[in-house]
Structures are given as structure tokens and as C-alpha cells.
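# Coordinate inspection notes
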Amino acid sequence: MQSIERARRRIKLRDLHILLVVAQRGSMAKAAAELAISQPAVSRAIADMEHALGLRLLDRGRNGIEPTPYGRALVKRGTAIFDELMQGLEELEFLADPTVGQLRIGSSESVAAGLLPAVIDRFTRRHPGIRLNVAQMVLGTTRYSELRERSIDLLLGWIPTPFAEEDLAVEPVLSDPRVVVVGQRSKWARCSKVSLADLADEAWILPPPDTFPGSATADLFRESGLNMPRTPVTTLSLHLCCRLAATGHFVTLLPSSIVQFSGRDLSLKRLPVKLPRTSAVSAAIVTLKNRTLSPAAEIFVACVRDVAKSMAGRSAAHSHELHGGGNARP
């Protein structure tokens, strides 16, 4: 390729942006329409970059235009460049007026049903001008692609142990053990002493076995010396778990934070069942390594830490009270 210094002087930010859009859309015509410029202007920008670098950046294939290995490398770095530029502009906006801004958050369903509402309630009361956009993530299928593609600023969710994503930074904020839950109309809701073995013949709602929550659940029963119970329904939907458990006909496992914040509203009752330590999972903040967080994101992260700390204190007190005594069984 041409010398780095010469290429640096000749590559324009506008042309790099055009390359990114062409790579994303797979077509110069679609890129031109999105950018509201002519197709010859798009072709000329790409040609100028290829001439400046002395390398071919795009190939025409059966499925449209595709980046060459050189083009993919430049697109990858260019995406980071424009992400940092956007972060910088948002930081300038925030510095000019700390009461405004926006933040894109990804959340697993379990965190969205427990920790996140408490965080958002506190954050929006203190910073009403900062707009939050929350997207639900299914961690077992997306593999953190939204973070890597920079469509979200940070992620709140359960994380597996060990965590093997080398390009991501993880900060555990809350140990959120799973607890055994029934509806308030269940015969078990009146019991003050229950073991997991007592519930072996009940109908359970559990996660599918081929998912991270499902394999963690299997470990829990195995550590307790029990076979997996009868499971007429398997689902990753916590909303469905809560609704069916509330009928009183099912037993399920939920993160303790959901029961702590929403158990009464959802007509749910946490049973005093002691579970193995494998029942504990970590709710964590996940971000891209070496990526600068915006001021709004830093404030939000601080709010998450504060709420998680207060939740942990209340959860410990509740657990001590829950296992303090009683002797009735159905």
C-alpha cells in the first residue's frame, strides 16, 4: 500500500463514512439513497480511497458489493472511529448542558424485571432530561453482538462464570440468587419449612435445557442430589413463568430481585427452600474494552452500583428473616 503518512493526509472522514455505509448496505445505489448523494459521488469517494491506499477495498459479488480483507479491516476500525466521534459529540453536548442527552441500554429479561426498574426510577428522577432507550437482549443467542456493533452503550444482564469474552469488560454489581417461587394461592405458600425434595412431584416451569439458564438449573438439581422434576412447560419468558406460577398450579425458579420488587404485585410467594450456592448468578454491567463511556453512561453506571448495593442489603436481611424458623408443611 501507499505510505501510511501519505494515506493519512489523503483519506477524508466523509469518504470513510461513505465506505462504511456501502459495506453495511452492500450496494452503492442503496448507500447513495441513504446518504442523499448521487451514485457517481459514492463511486468517486471509494475510488479516491483506493487510490490513496493503493489497495482494493470492495469487490462485486453475487450478493452485491462486499468488502475485501483490506476493506473489512478499514470498516472495523472506521466503525470505532465514528463511534468515538459520536461519543465525543455527546460528551460536548453533555458538558454544555448536563441535563440532556441519551443512553442506549441493553438488558436481559431477568434484569429488566428486577434491578433495572429500580435503577431507572432513581435515574430519571435525578436526570429527567437524559433519554433512555432500553432494548431487551437474549444473551444466549446474540453473544453480545449489539455491544460489538455499538448499537447499545452498555449491557445489564446475567453473565456466565467463567466469562470468556476477551474484548468485553465486566463489572458484577449484584449477586442475584435464584429462589423457588409459587403463587400465593398454592398449598405450598402457607408452609414455613420446605425442601427441594418436597417439591419433586410438583409441576415445574423451567428454562429450556439447551440454554445458559437451563444448564445452570440442571446443575442446581444435580448439586442437590435430585433428578430434574416434571416440567410440563419450558420457557425463557419470565413474564410467562410469573403468570403461570401465580395460578398456584406450578413451581418455578426466579431471580430473587424479581420477587423482591414485584412478588406482591404478581401474586407470588418465595418459598423458604435452601438451594446450593450454584443458584447464585451475577447481574453485571458489560461494556466494550477500551471504549470511552459517555458522561450519561458513567452517571447511569454509578446509579446501578448504588441501587444494587441497597438491594443486596435488603436481600440479605430478608433471607435471614425467611430462614429464621417455622415448622408447617402441607
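Look up a bit, the structure's there.
We now turn to the structure provided with this report. Just so we're clear, the structure is a prediction, and the values are computed from it rather than from any experiment.

Assigned secondary structure in the chain consists of 13 helices and twelve strands. Taking 330 residues into account, the globule formula puts the C-alpha radius of gyration at 20 Å, and the chain, at 25 Å, lies well above it. Its C-alpha atoms put the chain at 80 × 45 × 30 Å along the principal axes. Out of the 330 residues in the chain, the part that is buried amounts to 42%. Pairs at least 24 apart in sequence give 75% of the contacts found in the chain among residues at least 6 apart. For the chain, the accessible surface area stands at approximately 17700 Å², while carbon and sulfur atoms represent 52% of it. Charge separation in the chain, taken as the distance between the mean sites of 42 positive and 33 negative side-chain charges, equals 2 Å.

Right, let's talk about helix 5 (residues 69-96) for a bit. At 3.6 residues per turn, the α-helix brings residues three or four places apart onto the same side. Counted at 1.5 Å a residue, the expected span for helix 5 with its 28 residues is 40 Å, and the 41 Å between its end C-alpha atoms agrees. Looking at helix 5, one finds that the buried residues are Gly71, Val75, Gly78, Phe82, Asp83, Gln87, Glu90 and Phe94.

Here we come to the sheet that holds strand 11 (residues 268-270). Think of a sheet as strands paired side by side through backbone hydrogen bonds, with each pair either parallel or antiparallel. Taking strand neighbours across the sheet as the criterion, the five strands line up as 9-8-10-7-11 in an open arrangement whose pairing is mixed. At either end of the open sheet lies a strand with only one pairing partner, and these are strand 9 (233-234) and strand 11. Across the face of the sheet, helix 10 (residues 212-223) comes into contact with strand 7 (178-183), strand 8 (204-206) and strand 10 (251-255) while running at roughly 90 degrees to strand 7.

On the basis of which strands lie adjacent, the open sheet formed by five strands has the order 4-3-5-12-6 and mixed pairing. A strand with exactly one partner marks an edge of an open sheet, and here the two such strands are strand 4 (130-137) and strand 6 (168-175). When strand polarity is set aside, the average angle formed by the axes of neighbouring strands in this sheet is 25 degrees. Sheet analysis places strand 5 (residues 154-159) next to strand 12 (residues 282-288), joined by five bridges and oriented antiparallel. When the bridges of strand 12 are listed, leucine 155 appears paired with valine 286. Against the sheet, helix 7 (residues 115-126) makes contact with strand 3 (101-108), strand 4, strand 5 and strand 6, and its axis sits at roughly 170 degrees relative to strand 4, the strand it touches most.

A few words now on the pairing of strand 12. Most of strand 12 is tucked away, with six of its seven residues classed as buried. As paired elements, strand 6 and strand 12 share seven bridges and run antiparallel to each other. Looking across to strand 12, one finds that leucine 174 is bridged to alanine 283.

Now for helix 4 (residues 39-53). Look at helix 4: 22 Å from first C-alpha to last across 15 residues, which is about the 21 Å you get at 1.5 Å a residue. Of all the positions in helix 4, only Ala41, Val42, Ala45, Ile46, Met49, Glu50, Ala52 and Leu53 are classed as buried. On its buried side, helix 4 packs onto helix 1 (4-10), helix 2 (13-25), helix 3 (28-35), strand 1 (58-61) and helix 5. In the stretch just after helix 4, glycine 54 is the one whose phi turns positive, near 70 degrees.

With that out of the way, let us pick up the pattern of salt bridges. If you walk through the whole model with that rule in mind, you get 13 salt bridges. For the salt bridge of aspartate 83 with arginine 150, the shortest nitrogen-to-oxygen distance reads 3.2 Å. Highlighted residues: aspartate 83 in helix 5 and arginine 150 in the loop between helix 9 (145-148) and strand 5, separated in sequence by 67 residues. Note on aspartate 83: relative accessible area 8%, which makes it buried. Ionic pairing is found between aspartate 219 and arginine 222, a salt bridge with its closest N-O pair at 2.1 Å. Of this pair, aspartate 219 and arginine 222 both sit in helix 10, separated by three residues, roughly a single helical turn. Three or more residues joined by partner-sharing salt bridges are found here, namely Asp83, Arg104, Arg150, Asp153 and Arg291.

Procedures and definitions
Residues numbered from 1 in each chain as written. Predicted model: local features only at pLDDT ≥ 70, side-chain atom pairs only at ≥ 80, totals over all residues. Heavy atoms only, no water. Helix = DSSP H or I, 4+ residues; strand = E, 2+ residues; numbered from the N terminus. Rg over C-alpha atoms; globule rule 2.2 N^0.38 Å. Buried < 20%, exposed > 50% of the residue type's maximum accessible area, 1.4 Å probe, protein only. Contact = heavy atoms within 4.5 Å. Areas by Shrake-Rupley, 256 points an atom, 1.4 Å probe, with all protein chains shown as cover. Lys, Arg positive; Asp, Glu negative; His and termini not counted. Charge placed at Lys NZ, Arg CZ, Asp CG, Glu CD. Expected span 1.5 Å × (residues − 1). Pairing = 2+ DSSP bridges. Axes fitted to C-alpha atoms, helices over the stretch in contact; angles between N-to-C directions. Salt bridge = Lys/Arg side-chain N within 4 Å of Asp/Glu carboxyl O.

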